Amino acid sequence: MSDSPPSGPTRRWVNALLGLGVVGTITGFAGSAFAYLWPAPGGAGSEFLVGKDGLLRAEDIGPDGSVVGRSRLGKILVVRRRDGLVGLTATCTHLGCTVAWNGANGQVECPCHGARYNLHGEVLNGPAREPLTIVSVTVEPDGIRVRPQLQG
Amino acid sequence: MRWLLLLGLVLPWSAGAQDMGDVPPGQVPIDDVWCTVCHYQEGDEFALSVHYQRGLLLCDDCHGGDPLEPDPEMAKAPDTGFIGKPARSGIADICARCHSGPAEFFALGPHADPANPDNPSCITCHQNHLVVDATLALMDTACAFCHVGDAAVVAQVELIQATLHEAEQRLYAVESRFDSLQGIDAGLRRSRGMLVGAGAVLRQIDPRTHALDINLMDELITAFDEEAEAVGDVLDESEGARQRRRWAVGGVWLFVAANVTLLWLKRRQV
Amino acid sequence: MQRLWDWFDERLHLAPLWDVLQENLRKPSPRHVNWLFTMGSALLLLLGVQLLTGVLLMVYYKPSGREAFASVEAIMYEVPLGGLTRSAHNWGSHLIVIMALLHMFRVFFYGGYKKPRELTWIIGVGLLAVILGFGFTGYLLPWDQVAYWGTVVATEAPASIPVVGPITREFMIGGNEVADATLGRFYVVHVFLLPLALMGMVGLHLFLIRYQGISSLRRTDEPEPTPAQNLADGGKPFFPHHFLKDSATIYVTLGVLVTLALLYPAHIGTPADPLSTPAGIKPEWYFLPAYQLLKYVPEVVGVNMPPLLLLILVLMPLAIDTSPERHPGRRPRVVTGWIVTSVLILGLGILGHLSETTRMVLGTAYHFDVKGMPHVVEITDGEGQD
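On a predicted model such as this, the values are computed, not experimentally measured, just so you know.

Chemist: I keep staring at the sheet that holds strand β9 (residues 123-125) of chain A and nothing clicks. Help me out?
Modeler: Two modes of strand pairing occur in sheets, parallel and antiparallel, and in both the strands are linked by backbone hydrogen bonds. Residue and element names in this part refer to chain A. As summarised here, the arrangement of the four strands in space is β6-β7-β8-β9, forming an open sheet in which the pairing is antiparallel. The sheet terminates laterally at β6 (100-102) and β9, the two strands that pair on one side only. The sheet contact formed by strand β8 (residues 116-117) and β9 spans two bridges and is antiparallel. By the bridge assignment, R116 is partnered in β9 with N125.

Following this line, the structure appears as structure tokens:
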């Protein structure tokens, strides 16, 4: 590196402040870019189950049939059994894939790595370890309302 | 010699040259309109009008006939709907086909009766062929043409002009304030409907002018004022955003000045 | 720090490279180098700003006819600091054209484009064309009425070139009318191809400038002053002396840009409607002279004038201004020709701005027709009264 000129206190101040100015300018631009790029919140989600084309209707779920939709509580799987509708979170606790209902063997299955659950959310087969969460589903005129299950 | 070569390259290309001229998109070039072969003065005037320039009308829209038919007899044949120079009493009806608003209010005003030979028709003030956008300046010369030296009329004209001008200024003030703040306060976007509504109210003043009745015009301005006030309240809230930006600009220049000073100091050291 | 340097030096043998760099940065420039010579750096800064704001805009902009307008609105009104980013990009584009023209004028008057620096000038003319290309392609992207119809008007012209005209136009706009396909093409050119060309050309342009040094005002048939002679004349090196001036200009330019972006945000009009042409559509100000020219001369001639002008610029040091004199006072004919041409182009631009508008001038209302000629707006007695 070339030899630097002799420095005195004024020289140091000027250099430091100039450097601060440059850092300040760069920070200003970088900070603005950061704020600009800050991810927007995904949206609160609805109390009612929403599918690809809009609100989902309970009538569309046949006996032993199922539907997966979005809600305020995330992705939810709703299955129609003999005694009514059962609702579970649909995000596999292993690595996050969306699970599906298998009417043939009465199990909730994950297509990614073969995890299986029962309709209480309990894990029947790994690699998942944590259970799915039961949610309360009620049929209303406006659609299928999804709420957290109140613990007894 | 090199220039000749250049010319040789350019000349063949000009074979396809076409003068852009004044022909607006979608309109027939005035030279292709056969009426203008004889009626060339009218054709020249019409070519400068807004009716021609905006591709809206040709000769037949008011006079009937076939403007693209070269044979004069066939162009004016009965089955073309040719009416020639319209009767005075029929002029307002022709213009009213598009300008129904002004026609409606003109019929309420002092000049309404076409049977009275002293009354003007639409084309007396707006011209028949060289029709340009109606402006306030139109009233300066048009009225004085008949009402020579009539102080009462002059006063009324000035009052109407002042009212129109006032209306334009008010609308312009609100609109430009809105536009300038729009980029600054994103929330304003939702209030645009209010502004459009207010503007729509006020724009009805132009047809109303034709009744030459100040009361009709004032009534509209009052209605506008109420709507404009509501818009103004929304804008006042947004002024805060503009004020913050002004402060930010001040800060930016302070920063720039400080750094330029430091650079000058550094320059002296080096 | 020294250890980091040593790590690279052991592997890449950087010391000689560093010495060459230092030598080129610190060699004294001729004495006449003044504040006018800082515009090149300001241009570089503005290009950097355009790059940064452009990349940010790309994150949220959607280049499809259906989504483009809404995405620009979202950027203006929903993305944090989106309006500021877009306004900076918008104002930046205007400032770049102005700065590029001023820089070109400075180089012309100081004769900096003469031997041995013709290559630098030619690349510079290419850069001007690239900058105008940026403006042209970027203009369409918001997909509002002004953008759409301005592009329709601007792309009409090439069709008049015989034989290749129509196919050139269709290739350019991806069809026989401006549509979604046009947007796709213009977008790729604007965000990838032109930046690639720009970076290559700017790199070369900067290298040549540093390598050859700033030109003196001596005749080209005299030897260039040595660094020692420049030093003796009182000339200063680029680094650190001129660099400090550059930095000051950069700060001020940034200040101007941020002020404009904050106080005069970019506008967005109404969504593009291919079925409805608004009145009085004109291109952006730097294309107005070419646009207005087309109203006076046959289309084939008018369309070829802008490329001809660029060609003339390229030929300046090669064929047009071949005198060995650099000083503007000693090349009166070329300087006069340049000034006269500039005034004519400016005049065309003013006519273009006035045309198709009605204005009050000193109390009288004038309507300026399509050719920019004023007509007094007045009323004469109507004909047809029976």
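Chemist: Even after reading the chapter, I still don't get the sheet that holds strand β1 (residues 357-361) of chain C, so can you show me in this structure?
Modeler: Residue and element names in this part refer to chain C. A sheet is described by the order of its strands in space; here three strands give the open sequence β1-β2-β3, paired in antiparallel fashion. With partners counted over all chains shown, the strands left at the sheet margins are β1 and β3 (374-376), one partner each. Strand-to-strand, the axes of this sheet are offset by a mean angle of 35°, without reference to chain direction. Pairing between β1 and strand β2 (residues 364-368): five bridges, direction antiparallel. Within β2, the residue paired with M360 across the bridge is A365.

Chemist: What's the story with the packing of helix α6 (residues 118-140) of chain C against helix α13 (residues 299-320) of chain C in this structure? I'm lost.
Modeler: Any two packed helices are characterised by the angle at which their axes cross and by the distance between the axes. Residue and element names in this part refer to chain C. It is the contact of α6 with α13, at a shortest axis distance of 9 Å, that shows an interaxial angle of 170°. By the angle between their axes, α6 is roughly antiparallel relative to α13. Residues E118, W121, I122, V125 and A129 of α6 pack against L310, L313, V314, P317 and L318 of α13. A breakdown of the residues in the contact of α6 with α13 according to their chemical character gives nine nonpolar, no polar and one charged.

Chemist: Could you clarify how one ought to interpret the packing of helix α5 (residues 82-109) of chain C against helix α11 (residues 238-263) of chain C in this entry?
Modeler: Residues and elements named next belong to chain C. Packing of α5 against α11 brings their axes to within 8 Å, and their N-to-C directions diverge by 125°. For the element pair α5 / α11, the angle class is oblique. Crossing hand, α5 versus α11: right-handed. Taking contact as the criterion, the partners of L84, S87, A88, W91, G92 and L95 in α5 are, on α11, L257, L260, A261 and L262. A class-by-class count of the residues in the contact of α5 with α11 yields eight nonpolar, two polar and no charged.

What counts and how
- Residues numbered from 1 in each chain as written.
- Chains lettered and ligands numbered in written order.
- Predicted model: local features only at pLDDT ≥ 70, side-chain atom pairs only at ≥ 80, totals over all residues.
- Pairing = 2+ DSSP bridges.
- Helix = DSSP H or I, 4+ residues; strand = E, 2+ residues; numbered from the N terminus.
- Axes fitted to C-alpha atoms, helices over the stretch in contact; angles between N-to-C directions.
- Parallel < 35°, antiparallel > 145°, perpendicular 65-115°, else oblique.
- Contact = placed C-beta atoms within 7 Å.
- Nonpolar A, V, L, I, M, F, W, Y, C, P; charged D, E, K, R; others polar.
- Left-handed = near helix turned anticlockwise from the far one by under 90°.

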